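Chain and residue survey
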Amino acid sequence: MNRRTFLKRGLMGGAVLVLGMGGLAVLPTKDVATPKRALAVLEPRSFQVLVAFAKRVVPETADAVDVVHRVDDALRLAPLEAQRDFNKLLGLFENALPGLLLDGRALPFTRLSPESQDAVLRHWRDSRLELRRSGYQALRRACLAMAYQDEALWPAIGYAPPPTGAFEAMAYDDSKAGAS
Amino acid sequence: MTSLAAVRANPHVIDGSTSADQELTADVCIVGTGAGGAVTAAVLAEAGLDVLMLEEGGYYTAHDFTMREKDVMPRLYQEGGLRATKDLGVSILQGRTVGGTTVVNWTTSFRTPEDVVAHWHDKHDVKGFAYADLVPHYDAIEKRLAVSKVEESTLNGNNRKLFDGCKKLGWAVDTLKRNVYACMQTGMCGLGCPVNAKRSMLVTMIPDAIDAGARLVFRARAERFETSGNQVAKLHVTLLDAEGRAPTGKTLTVKAKRFVTSGGAINSPALLLRSGIDGAVGARTCIHPVVASAGFYDEDIFPYRGAPQSAASHHFAHRGADVGFFIETAAWYPSLMAGASPGFAGEHLAFMKNVNKTGVHVAIAIDGFHDDVAGGRVTLRPSGAPVLDYPITPRLWQTFRFAQKRLAEMQFASGAKTVKTLHDPERVMSSPGDVDRVVDGAPYEVGRLPVFTAHLMGGCAMGDDPKRSVVRSEDLRHHTLENLYVIDGSVFPTSLGVNPQESIYGLARLMATRLAARK
């Protein structure tokens, strides 16, 4: 095999590889969970991506599907444009085509192994692109903030607030209390 | 005595979510019931004016304050606590309920520093009042809201560490004033005081206004003013469902002799912009941007017990050509801190696990006093919702880096064994000798560490130059619309260098008193 043939085969092989990976990259989002109730803001695909994301991010004892439903509920209070941006961000996160260029991955996020998913999280966290970093932090913060609204997670961290209703009978009812 | 339960049941308190289309009239219509709106309403109603208050949020009371973020965040905070700046670089904590942010703030009460008022006079054409004019109003507000200085013996663990660490380093530090009556130290200020010890607008000035005959419609979102010549003719209002998420399809139209907008530093400029009122509207929005440091101690801190804020250091407030900052503590609530803590899965859990021995201290940058740290801008999204574009400039990042070093030094001085910035991935310091190396080696960029704000100021600046300001400083009246006033934190031409609630109360009381005299 002369040099020219080698190069030709190499280039063709590279092209086949990229096309093949590109083919993998456009595989549809994998269904990783079934919603427990109707979604308000998240599109069905976004829901799947965020559940896959949450499963890697929140404590193992948290129910990732419940967490994502809570995020969905919180998003109902956001402006329409922010709701749309959140869905778009999850689409970007899932999409392997830019991932192929920037992270070297050939599959949508939902189809990656857990270890590869963690590598994607770190890629986004450490990215030189501000959009990726802040997008990753927005998803991470939303999942973790909603996860820790669940009291079941509190004993593991030692958080022990007063019981709900502990002070109800003690509330001052006078608007002038303390006024002088 | 005025029973809060009786105020809530007063027929003048109207739930917009169940209201039909209607047209209301008033002498004065006030949009927003936070620090600015509630004080203005009380003063004007007590002066005999027919006052109508509008509030986008719901009417929640101590019975609803369950001390659980899952219940409270969607009810009491703008966008359920997920509000952020345009590039997601800064998380915004702002109230959205009857009583506004005063219901969820941490009770810290400072008068506006005298030198700040002088700066406004000299640099921002604020000639309509002097510091001395504000003093009697601060006095009156402090009496009404039971504002008093914290006894050092009552500092909680988190504030004790701040106080002791600063003392050890020779930095100025003091206990601060709080607007509480017989505080039961629940630690839950940020989630709504469950015992009404916090003398927020919800339990003081709004009841005063209702007592004096004012009306309040809640779940009512002010959409736009309709202007005619140099007057606001009407205000168009959308009524929202019981959860405050969607319009009911019913509307309210208000005709009033005067209109006051008191929606705060994001919503007031947004209302003006939606009404086609522009000029300097939305510009110079200052936010006291905050970075935090976590100190891990051997002994118990319990950062969620006791008054969240009771000590502060202004040692670094005046740094000349560099941006100043002040140091306070942060309340520790699990959802808030989970969002702010670095890492994911096991790494994140490890950070959260030490809660009872964690001290969280914050550096609050004083923006608006340097040309390249002049605040952000509120604009409208296509839907009409506001968004704050707040670019963090290189000088501000430098300030954060410097401030983070000082926070770490203070935490080590007060006994911390380990200190972490909130960078993601985490940056760890094991001794004071690590501080410069670790902090200098950490990246200060959007998306690398969390930045917060709970103090929103500016966007409808007061001043006597119409090109640089929105309202006149003598009475906070719009420069050209003769019956439109802005009375809230949005009128400040800069940030304050102190927590803003009392500054808003005092200015609102002065201006409402002047307005009442012109009835």
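Scoring rules and cut-offs
- Residues numbered from 1 in each chain as written.
- Chains lettered and ligands numbered in written order.
- Predicted model: local features only at pLDDT ≥ 70, side-chain atom pairs only at ≥ 80, totals over all residues.
- Helix = DSSP H or I, 4+ residues; strand = E, 2+ residues; numbered from the N terminus.
- Expected span 1.5 Å × (residues − 1).
- Buried ≥ 20, exposed ≤ 12 C-beta atoms within 10 Å, placed from the backbone.
- Contact = placed C-beta atoms within 7 Å.
- Pairing = 2+ DSSP bridges.
- Domains from an automatic or database assignment.
- Nonpolar A, V, L, I, M, F, W, Y, C, P; charged D, E, K, R; others polar.
- Axes fitted to C-alpha atoms, helices over the stretch in contact; angles between N-to-C directions.
- Parallel < 35°, antiparallel > 145°, perpendicular 65-115°, else oblique.

The terminal C-alpha atoms of helix α2 (residues 44-57) of chain A, which comprises 14 residues, lie 20 Å apart, in line with the 20 Å expected from a rise of 1.5 Å per residue. Burial analysis of α2 of chain A places eleven of its 14 residues in the buried class, the great majority of the element. Looking only at α2 of chain A, the buried set comprises Ser46, Phe47, Gln48, Val49, Leu50, Val51, Ala52, Phe53, Ala54, Lys55 and Val57 of chain A. Buried residues along α2 of chain A sit against α3 (64-75), α4 (80-94), α6 (114-125) and α7 (130-147) of chain A together with α10 (345-353) of chain B.

Here we take up the pairing of strand β11 (residues 231-240) of chain B. Residues and elements named next belong to chain B. Pairing of strand β10 (residues 220-228) with β11, which is carried by eight bridges, proceeds in the antiparallel orientation. Bridging across to β11, Phe225 finds its partner in Leu235. Hairpin connection between β10 and β11: a loop of two residues separates the two successive antiparallel strands, and Gly229 in this loop has a positive phi of roughly 65°. In this sheet, strand β12 (residues 247-261) lies alongside β11 in antiparallel orientation, the contact comprising five bridges. Looking at the pairing, Leu235 lines up with Val254 of β12.

What follows deals with the domain arrangement of chain B. Residues and elements named next belong to chain B. Its domain assignment divides chain B into domain 1 (4-76 + 96-146 + 213-281 + 459-517) and domain 2 (152-178 + 290-366 + 393-445). If you look at the interface, domain 1 gives nine residues, while domain 2 gives 14 residues. Of all the secondary-structure elements, those providing two or more residues to the side of domain 1 that touches domain 2 are α3 (69-76) and β5 (108-109). Split into classes, the residues belonging to the side of domain 1 that touches domain 2 amount to three nonpolar, five polar and one charged.

This paragraph deals with the packing of α6 of chain A against α7 of chain A. Residues and elements named next belong to chain A. Viewed as axis vectors pointing N to C, α6 and α7 meet at an angle of 125°, and their least axial separation amounts to 7 Å. With respect to their mutual orientation, α6 and α7 come out oblique. Here α6 contributes Leu121, Trp124 and Arg125 to the contact with α7, which in turn contributes Arg132, Arg133, Gly135 and Tyr136. Broken down by class, the residue content of the contact of α6 with α7 amounts to three nonpolar, one polar and three charged.

A word on helix α6 (residues 157-169) of chain B. All names here are of chain B. Taking 1.5 Å per residue as the helical rise, α6 with its 13 residues ought to reach 18 Å, and the 18 Å between its terminal C-alpha atoms agrees with that figure. Within α6, burial applies to Gly157, Asn158, Asn159, Arg160, Lys161, Leu162, Phe163, Gly165 and Cys166. Those residues of α6 that are buried are in contact with β13 (290-296), β14 (311-312), β15 (325-329), β16 (358-365) and α11 (394-413). Just downstream of α6, Gly170 is the residue with a positive phi angle, here 80°.

Residue and element names in this part refer to chain B. Turning to its location among the elements, Gly57 is positioned in the loop between β3 (51-55) and α3. Considering only alpha carbons, one finds Gly57 and Ala454, 397 residues apart in sequence, at a separation of 18 Å. With residues up to four places along the chain from it excluded, the contact list for Gly57 reads Arg96, Thr97, Val98, Phe218 and Gly244.

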